[in-house]
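One letter stands for each residue in the lines below.
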Amino acid sequence: MKDYYLSEITEETRKELVELIKWYNRVVGREPLIVGGWAAWAYHKGIGSKDIDLVFPGAASMQQTLFDYFKSHGYQERKVDFFDYEFYKHRKTKNGEIDILVDAVSLNRSAQVTGTNITIPWKLAEKHKQKYSFGKDADAYIITPEMLTVYKMGALIGRDSKLAIATGRSEIHYRAKLWKDVQDIIGVFESTPIDKNTL
């Protein structure tokens, strides 16, 4: 499964993350809220991510920001389940083409954990965040390790449910995502003090 997250792929995504954060800081005038694999990486510095996960204050600000950035940076849009929207663009690397993915959701939504009745409100991410710098002029918020664990566990449970019925390429995709969720959870627990009362 580690081959699914080769450094060639995650490094291209990291560069795009930094470019997006710099643009957001400059144009929007505040720091974006990063969740998912890059928030986990900020704690454990292990395997990067193939996608960028963002939470916006509201649907209107999300739509305007996404329209402005993604339309001017060659992205296309598609609907996904855990987030409101996923944006992607193709990038050539020395070994072929990859898709850089950006998943976006607004704070007034909740993540539905597939296969369960569990929902996790995205507004919790806003309440449990801290500043982090992804590089020069690339300041963002990331969710706390406790909330990151909650969201990652929700994603893991949902993907496990989807894996049970997946076949072919979908099965490979969900198996790789499950593996990555486990790596992120373990990495955060091994590298970061966790407040068990908050968790």
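Nothing here was measured: the structure is a model prediction, and the numbers come from that model. (Residues numbered from 1 in each chain as written. Predicted model: local features only at pLDDT ≥ 70, side-chain atom pairs only at ≥ 80, totals over all residues. Heavy atoms only, no water.)

1. Topic: the packing of helix 2 (residues 37-44) against helix 6 (residues 168-191)
Under the convention used in this document: Between the N-to-C directions of two axes lies an angle of 0 to 180 degrees, each axis being a line fitted to C-alpha atoms and, for a helix, fitted only over the stretch in contact. Every helix listed is a DSSP run of H or I at least four residues long, and every strand listed is a run of E at least two residues long, numbered separately from the N terminus. With the far helix as reference, a near helix turned anticlockwise by less than a right angle produces a left-handed crossing, and one turned clockwise produces a right-handed crossing. Working rule for contacts: check all heavy atoms of both residues, and any pair within 4.5 Å makes them a contact. Three categories are distinguished: nonpolar for Ala, Val, Leu, Ile, Met, Phe, Trp, Tyr, Cys and Pro, charged for Asp, Glu, Lys and Arg, and polar for the others, with Gly belonging to the last.
Packing of helix 2 against helix 6 leaves a shortest axis separation of 8 Å and a crossing angle of 35°. Both helix 2 and helix 6 take part in a crossing whose hand is left-handed. From helix 2, Gly37, Ala40, Tyr43 and His44 reach across to helix 6, where they touch Lys180, Asp184, Gly187, Val188 and Ser191. Looking at side-chain class alone, the contact of helix 2 with helix 6 contains three nonpolar, four polar and two charged residues.

2. Some details on the pattern of salt bridges
We count it as follows: For this analysis, a salt bridge means a side-chain nitrogen from Lys or Arg found within 4 Å of a carboxyl oxygen belonging to Asp or Glu. Summary of the burial criterion: residues with accessible area below 20% of their type's maximum are buried, those above 50% are exposed, and those between are partly exposed, where the area comes from a 1.4 Å probe applied to protein chains only.
On inspection of all chains with the given rule, the structure shows 14 salt bridges. With a shortest N-O distance of 2.9 Å, Glu16 and Arg91 are connected by a salt bridge. With Glu16 in helix 1 (residues 7-28) and Arg91 in strand 4 (residues 85-93), the pair connects residues that are 75 residues apart, well separated along the chain. For Arg91, a relative accessible area of 19% puts it in the buried group. Linking Lys180 and Asp184 is a salt bridge whose minimum nitrogen-to-oxygen distance equals 2.8 Å. Residue Lys180 and its partner Asp184 are both found in helix 6; the two are separated by four residues, about one turn of the helix. You can call Asp184 buried: its relative accessible area is 1%. Three or more residues are tied together by salt bridges with common partners; here these are Glu12, Lys15, Glu16, Lys89 and Arg91.

3. Some points on the nonpolar core
Worth spelling out the cut-off: For the purposes of this section, nonpolar cores are sets of buried Ala, Val, Leu, Ile, Met, Phe, Trp, Tyr and Cys residues that join through side-chain atoms within 4.5 Å.
If you look at the biggest cluster of nonpolar residues, it comprises 47 residues, and the most contacted ones within it are Ile34, Phe134 and Ile143. Elements with a minimum of two residues in this core: helix 1, strand 1 (33-35), helix 2, strand 2 (51-56), helix 3 (59-72), strand 5 (96-106), strand 9 (139-143) and helix 5 (145-163). Here this core gets seven residues from one element, more than from any other, and that element is helix 1. In this view, Ile34 contacts Leu17, Ile21, Ala39, Asp53, Leu54, Phe134, Ala140, Tyr141, Ile142 and Ile143; residues no more than four positions away in its chain are not counted. Within the second largest apolar cluster, six residues are counted, among which are Leu156, Ala166, Tyr174 and Ile185.

Structural measurements only, silent on function.
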